[in-house]
Amino acid sequence: MGAAGSQDKAAGDAVAPAEEEEEDDLGLQWDEAAHGPQLPADGVFTMETLRKWNGVELPMFLAICGKVVDVSSSRNFLPDHGYGKLWAGKDATYAMATVSLKAEMVAKMDFKLEELEQANFDALVGWYKHFLKKYPERGTLKEYDGWDFSKVISEAEAMEGGPAFGS
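Before going further, it helps to examine the packing of helix 6 (residues 118-134) against helix 7 (residues 150-158). Two elements in contact, helix 6 and helix 7, have axes whose closest approach is 9 Å; the angle formed by their N-to-C orientations is 65 degrees. In terms of their interaxial angle, helix 6 and helix 7 are classed as roughly perpendicular. At the point where helix 6 passes helix 7, the crossing takes the right-handed sense. When helix 6 is examined against helix 7, the residues Phe121, Asp122, Leu124, Val125, Tyr128 and Lys129 are found in contact with a partner set consisting of Lys151, Val152, Ile153, Glu155 and Ala156. Grouping the amino acids of the contact of helix 6 with helix 7 by side-chain chemistry returns seven nonpolar, no polar and four charged.

Here we take up the pairing of strand 2 (residues 61-64). Neither face of strand 2 is exposed, since Phe61 and Ala63 on one face and Leu62 and Ile64 on the opposite face are all buried. Examined bridge by bridge, strand 2 and strand 3 (residues 67-70) share four bridges and lie antiparallel to one another. Note on strand 3: the bridge partner recorded for phenylalanine 61 is aspartate 70. The antiparallel pairing of strand 2 with strand 3 creates a hairpin that spans two residues between the two strands, and cysteine 65 there sits at a positive phi of about 55 degrees.

Phi at cysteine 65 is positive, roughly 55 degrees, even though this residue is not glycine. Within the secondary structure, cysteine 65 sits in the loop between strand 2 and strand 3. For cysteine 65, a relative accessible area of 4% corresponds to the buried category. One non-glycine residue, aspartate 80, adopts positive backbone phi at about 65 degrees. By the element assignment, aspartate 80 lies in the loop between strand 3 and helix 4 (82-87). On the basis of relative accessible area, aspartate 80 is assigned to the exposed category, the value being 56%.

Structurally, the position occupied by glutamate 114 is in the loop between helix 5 (93-97) and helix 6. Residue glutamate 114 is classed as exposed on the basis of its relative accessible area of 65%.

According to the stated counting rule, one finds 17 aromatic pairs in the structure shown. On the basis of an interplanar angle of 35 degrees and a centroid distance of 6.0 Å, the ring pair of tryptophan 30 and phenylalanine 61 is categorised as tilted. Placement of the pair is tryptophan 30 in the loop between helix 1 (2-24) and helix 2 (32-35) and phenylalanine 61 in strand 2, with a sequence separation of 31 residues. Here the aromatic residues Phe77, Tyr83, Trp87, Trp127, Phe131 and Tyr135 are joined through ring pairs into a cluster of three or more. Directly above the ring of tyrosine 94 sits lysine 108, whose terminal nitrogen or CZ lies 5.4 Å from the centroid. In this structure, arginine 138 is placed above the aromatic ring of tryptophan 30, and the distance from its NZ or CZ to the ring centre is 3.7 Å.

So, about the pairing of strand 3. Inspection of the sheet shows strand 3 paired to strand 4 (residues 137-141) by three bridges, in the antiparallel sense. Looking across to strand 4, one finds that valine 69 is bridged to glutamate 137.

So, about the nonpolar core. Core analysis: the largest hydrophobic core is formed by 38 residues, its most contacted members being Trp87, Leu124, Phe131 and Val152. Elements that contribute at least two residues to this core include exactly helix 3 (47-50), strand 2, strand 3, helix 4, helix 5, helix 6 and helix 7. Take this core: its biggest share by element is five residues, from helix 6. For valine 152, the residues in contact, after removing those within four places along its chain, are Cys65, Leu113, Phe121, Leu124, Val125 and Tyr128.

Rules used in this analysis
Residue positions are counted from 1 within each chain, in the order its sequence is given. In keeping with the predicted nature of the model, local features appear solely for residues at pLDDT of at least 70, side-chain atom pairs appear and are counted solely at 80 or more, and the whole-chain, interface and lining totals rest on all residues. Values shown for side chains rest on all heavy atoms present in the structure; no hydrogens or waters enter the calculation. Lines fitted to the C-alpha atoms define the axes, with helices restricted to the stretch that makes contact. Angles between their N-to-C directions range from 0 to 180 degrees. Think of it this way: any DSSP run of H or I at least four residues long counts as a helix, any run of E at least two long counts as a strand, and we number them from the N terminus. Throughout, the term roughly parallel applies to angles under 35 degrees, roughly antiparallel to angles over 145, roughly perpendicular to angles from 65 to 115, and oblique to all others. Definitions for this section: a left-handed crossing has its near helix turned counterclockwise from the far helix by less than a right angle. A right-handed crossing has that turn clockwise. We call two residues in contact whenever any of their non-hydrogen atoms come within 4.5 Å of each other. Side-chain classes are defined by residue name, with Ala, Val, Leu, Ile, Met, Phe, Trp, Tyr, Cys and Pro counting as nonpolar, Asp, Glu, Lys and Arg as charged, and the others, Gly among them, as polar. When a residue's accessible area, from a 1.4 Å probe over protein chains only, is under 20% of the maximum for its type it is buried; when over 50% it is exposed; and in between it is partly exposed. By the convention used here, strands pair only if DSSP detects at least 2 bridges between them. Stacked, tilted and edge-to-face are the three classes assigned to paired rings of Phe, Tyr and Trp, where Trp is represented by its six-membered ring and a pair needs centres within 6.5 Å; plane angles under 30 degrees give stacked, over 60 edge-to-face, the rest tilted. By the criterion adopted, a ring carries a charge over it if an Arg CZ or a Lys NZ lies within 6 Å of its centre and within 35 degrees of its normal. Each nonpolar core is a collection of buried residues, namely Ala, Val, Leu, Ile, Met, Phe, Trp, Tyr and Cys, held together in the definition by side-chain atoms within 4.5 Å.

Printed below as a string of structure tokens:
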């Protein structure tokens, strides 16, 4: 019985560091006093300045339809894992429209919104609504100056409830 108790204690001890490690993996969380002053004064990011908002150097941001959102509060966006590894500090517009998890679809700007297939446009509307409803907007992305996302925005605003993915 003494050996089993020792094994249980040892197993219990082994769990604590893993839990602490998981907490550390969440990345930097938004702190207004620390991070607010590091935002662009004019609220306009570039692909280059967005890059450091990767959850390691600064809290994790991503861009969609020219809007920069702060996803640092989400457990779905961890530095160097899954969505965080793919989209942290980057533009995800085309990847969201094509519902792609391929790295080559991230920060892709050689497309025209009006040339997206309807299913891709609808996916973009749903993701835009999801991200702008759930996460704080921290600015805009300069590379999208001159792009017209008004149809995406108006359809997202008109959408009942949440996005209807998979239907």
